[in-house]
Amino acid sequence: MRRSLENVPAYLAGKPAAALPGVESFKVSSNENPYSPLPEVLDALSFSQINRYPDFSNARLRDLLAAKYHLVTDNFATGTGSVGVLQQIVQATCNFEDEILHAWRSFEAYPIVAAVNGAVSVPVSLRGDESHNLDAMVAAISPRTQLILICQPNNPTGVAAKRDELVHFLDRVPAHITVVIDEAYVEFITDTRIADSLDLFHRYKNVAILRSFSKAYGLAGLRVGYAIAHLELAEAIRKCTLPFGVSTIAEDAAIAALKHEDKLMVRVAHLLEERTRVSEALTSQGWKLSDSQANFVWMRLPGKTELFTQSAAEVGLSVRPYGEEGVRVTIGEDEANTRFIELASRFFTEFGQF
Ligand SMILES: *Cc1c(COP(=O)(O)O)cnc(C)c1O
């Protein structure tokens with residue numbers, strides 16, 4: 001086997017909730033959208049065409065995205081989820097043993113995608129407030145750095161870099177290094193001090209943006225995401241496309257979701273109200289939370305992570321533990337959120353401050 005695979009960590013996916021007799025269980029471990037698909041999305045799926053290959057270039061979807069963002073079709077590259085597109089970006093930019101800088105903790109697909117493609121992942125610790133340490137990231141740039149990933153907002157801590165910080169950072173990154181702003185949760189950002197990434201994209205020739213249909217748009221099971229990139233990079237990303245990776249059904253669903261975006265954003269607005277309800281309840285219980293700009297909250301639970309995860313399972317909630325550092329809990333169905341608030345209260349009363 002290839003040497004670089006030896007260090008590839010296994011992806012630990014969020015688990016479904018275990019069934020409990022007489023209690024409805026909720027999976028709040030994978031940041032999925034709790035709503036079932038819109039009828040308009042289901043109606044748009046062309047199942048009668050599944051004997052045909054999909055359009056290799058996803059031109060219908062890319063045309064629609066170009067209109068939405070006032071860019072051209074060739075600024076877009078699609079893939080099997082934004083993780084699939086990230087893999088294409090790594091393949092398009094990194095030679096063997098080139099370095100990819102990213103924060104840590106951050107999205108656990110980053111070190112995997114780096115290693116699988118023969119690149120070297122260089123993790124840079126978050127600051128105490130769970131935000132990216134952009135100064136340390138600049139300091140970590142080496143002659144081998146090809147790619148920098150900014151997880152905006154960061155999964156699993158929920159914190160997003162402010163506009164000023166990001167501009168100051170981008171001003172210091174050499175122009176030959178590609179900076180990818182991974183915005184899987186961009187629709188959940190409410191803090192107006194956070195940068196509009198499209199504006200940064202227009203200002204910096206080395207910035208690309210990753211977007212997903214998996215979270216706000218509720219299509220995690222269909223696997224479709226995209227990059228917004230300058231023309232040369234976008235073309236290189238498309239060259240690395242897994243042939244026919246995005247199915248016609250996935251493309252149909254993404255197009256329908258964009259067309260009915262207003263309906264989906266009503267759902268997002270409700271999830272944001274729920275995020276506020278959960279955050280305020282936990283804060284008043286005494287928890288010190290980071291400022292989540294995503295559809296989840298992060299609780300640091302040093303030494304108590306497994307215990308909390310177990311306690312959650314006992315009330316029918318599957319949460320996402322990270323070693324013994326803490327847990328990430330998705331804002332899900334209202335009832336799941338209420339149950340989480342109750343659990344957090346009991347846990348805090350019993351074990352106190354962390
Ligand atoms: C969920 C997530 C993705 C999206 O993945 P898809 O492949 O589009 O489902 C990308 N980046 C981060 C940080 C995520 O949390």
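Look a little higher up for the structure.
J.: I'd like a description of the state of the cysteines, backed by residues and values.
T.: By definition, a disulfide links two cysteine residues through a covalent bond between their sulfur atoms. Under the counting rule described, the total for this entry stands at zero disulfides. Here cysteine 94 stays free of any disulfide, with the sulfur of cysteine 240 as its closest cysteine sulfur at 11 Å. In this structure cysteine 94 comes out as buried when scored by relative accessible area, which is 11%.

J.: Go over the site of the ligand with me, naming the residues and quoting the values.
T.: Near the ligand you find 13 residues, and of these Tyr185, Ser212, Ser214, Lys215 and Arg223 are the closest. The contact in question runs from an oxygen atom of the ligand to an N or O atom on the side chain of serine 212, over 2.6 Å. Between the ligand and the protein, one listed contact pairs an oxygen atom with a side-chain N or O atom of serine 214 at 2.5 Å. In the complex, 93% of the free accessible area of the ligand, which totals 390 Å², lies under the protein chains. With respect to the pocket detection grid, the ligand is positioned in the largest pocket. Ranked by residues supplied to the shell around the ligand, first place goes to helix H3 (residues 81-93) with three residues. For the shell around the ligand, the class distribution of residues is five nonpolar, five polar and three charged.

J.: If you had to explain the pattern of salt bridges to someone new, which residues and values would you point to?
T.: Summed over all chains, the structure comprises 20 salt bridges. Between glutamate 32 and lysine 27 there is a salt bridge whose closest N-O contact spans 2.9 Å. The exposure class of glutamate 32 is partly exposed, given its relative accessible area of 32%. Salt bridges sharing common partners tie together Arg105, Glu130, Arg300 and Glu325.

J.: Just give me the short version of the packing of aromatic side chains, but keep the residues and values in it.
T.: In the structure shown here, the tally under the stated rule is 14 aromatic pairs. Chaining the aromatic ring pairs together yields one cluster made of Tyr69, Phe76, Phe213, Tyr217 and Tyr226. The ring centre of tyrosine 322 lies 4.3 Å from the NZ or CZ of arginine 320, which sits over that ring. In this arrangement the basic side chain of arginine 328 is found over the ring face of phenylalanine 296, its NZ or CZ atom lying 5.8 Å from the centre.

J.: Requested: an account of the environment of valine 315, with residues and values cited.
T.: Position of valine 315 among the secondary structure elements: in the loop between helix H11 (305-314) and strand S10 (317-318). Sequence separation between valine 315 and arginine 223 is 92 residues; the distance between their C-alpha atoms is 31 Å.

J.: Could you give an account of the layout of surface pockets, naming the residues involved and the relevant values?
T.: Rolled over the atoms, a probe as big as a water molecule pinpoints where empty space is left. Estimated volume of the largest pocket: approximately 490 Å³. Contributions of two or more residues to the lining of the largest pocket are made by H3 and strand S11 (320-322). For the lining of the largest pocket, the element with the highest residue contribution is H3, accounting for four residues. In terms of residue class, the lining of the largest pocket is made up of eleven nonpolar, ten polar and seven charged. Formed jointly, the lining of the largest pocket draws a minimum of three residues from each of two domains, domain 1 (3-30 + 262-351) and domain 2 (39-259).

J.: Run through the sheet that holds strand S12 (residues 326-330), naming residues and quoting values.
T.: Taking strand neighbours across the sheet as the criterion, the three strands line up as S9-S12-S11 in an open arrangement whose pairing is antiparallel. Each edge of the sheet is formed by a strand with only one pairing partner; in this case those strands are strand S9 (296-300) and S11. Within the sheet, the average angular offset between the axes of one strand and its neighbour, ignoring direction, is 20 degrees. Of the strand pairs in this sheet, S9 and S12 are connected by five bridges, and their pairing is antiparallel. Paired with valine 297 across the bridge in S12 is valine 329. Against the sheet, H11 makes contact with S9, S11 and S12, and its axis sits at roughly 35 degrees relative to S12, the strand it touches most.

Conventions adopted
Residues numbered from 1 in each chain as written. Predicted model: local features only at pLDDT ≥ 70, side-chain atom pairs only at ≥ 80, totals over all residues. Heavy atoms only, no water. Disulfide = S-S within 2.5 Å. Buried < 20%, exposed > 50% of the residue type's maximum accessible area, 1.4 Å probe, protein only. Near = heavy atom within 4 Å. Polar contact = N/O pair within 3.5 Å; in protein donor to acceptor, adjacent residues only side chain to side chain. Areas by Shrake-Rupley, 256 points an atom, 1.4 Å probe, with all protein chains shown as cover. 1 Å grid on protein atoms, 1.4 Å probe; cavity = no way out; pocket = protein on both sides within 12 Å on 5 of 7 lines; lining within 4 Å. Sits in = over half its atoms within 2 Å of the grid points. Helix = DSSP H or I, 4+ residues; strand = E, 2+ residues; numbered from the N terminus. Nonpolar A, V, L, I, M, F, W, Y, C, P; charged D, E, K, R; others polar. Salt bridge = Lys/Arg side-chain N within 4 Å of Asp/Glu carboxyl O. Phe/Tyr/Trp six-rings, centres within 6.5 Å; stacked < 30°, edge-to-face > 60°. Lys NZ or Arg CZ within 6 Å of the ring centre and 35° of its normal. Points joined across faces, edges and corners; volume = space filled by probe spheres on them. Domains from an automatic or database assignment. Pairing = 2+ DSSP bridges. Axes fitted to C-alpha atoms, helices over the stretch in contact; angles between N-to-C directions. Contact = heavy atoms within 4.5 Å.

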